[in-house]
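Take a look at the letters that make up each chain.
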Amino acid sequence: MDLELIGNLLGISTLAVSFVGQVPQILTLLKTKKVEGVSFDAYFIEICSLTIQVLYFFVKEYSVLSYADISVLLLQDYILVFLLLMYDNKTTSFKQYAQIIGYVGALTAVITGTVTKELVVTVMVCII
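Residues numbered from 1 in each chain as written. Predicted model: local features only at pLDDT ≥ 70, side-chain atom pairs only at ≥ 80, totals over all residues. Heavy atoms only, no water.

Novice: Please give an account of helix 5 (residues 94–111) that cites residues and values.
Specialist: The α-helix advances 3.6 residues per turn, and as a result positions three or four apart in sequence lie on the same side. If you check helix 5, its first and last C-alpha atoms are 26 Å apart, about what 18 residues at 1.5 Å a residue would give, namely 26 Å. All of the buried residues in helix 5 are Q96, Y103, A109 and V110. Along the long axis of helix 5, the arc covered by the buried residues comes to 155°, so they all point the same way. Turned more than 90 degrees off the buried face of helix 5, the exposed positions are F94 and I101. G113 sits one or two positions beyond helix 5 and adopts a positive phi of about 90°. (Helix = DSSP H or I, 4+ residues; strand = E, 2+ residues; numbered from the N terminus. Expected span 1.5 Å × (residues − 1). Buried < 20%, exposed > 50% of the residue type's maximum accessible area, 1.4 Å probe, protein only. Arc of directions from axis to C-beta.)

In structure tokens:
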């Protein structure tokens, strides 16, 4: 077996496993409609981190397979944050709305090209 085939098989297996990463938490929230003990901030930080990683791989033109698992986890985190906001019995704080607006604004700036590819790479390097 050549290394490329092994890499592809590992990538596909990682992608398959990532599909179930947050599924138990999502199903529990959907079933109970209770979000006590689930942290918005923790998932929001994870969303920001995963987004930067996906953007880095995209900007550097890596194979989609090399970051598809991260994209799946990011999608699951989006669902979890949506459920947290939907089922939270307390009033969602101004801070949470500000974080979401800031995130959407920054993501839009990158997608529309307002933020350069070099800046995305610099942010990723600074995180490492």
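Novice: Tell me about unusual backbone geometry, and please be specific about residues and values.
Specialist: Backbone geometry at K33 places phi at a positive 60°, although glycine is not the residue there. Within the fold, K33 resides in the loop between helix 2 (23–32) and helix 3 (40–59). Using a relative accessible area of 46% as the deciding quantity, one classes K33 as partly exposed. Positioned with a positive phi, E61 is a non-glycine residue whose angle comes to about 60°. As for its position among the elements, E61 is in the loop between helix 3 and helix 4 (68–87).

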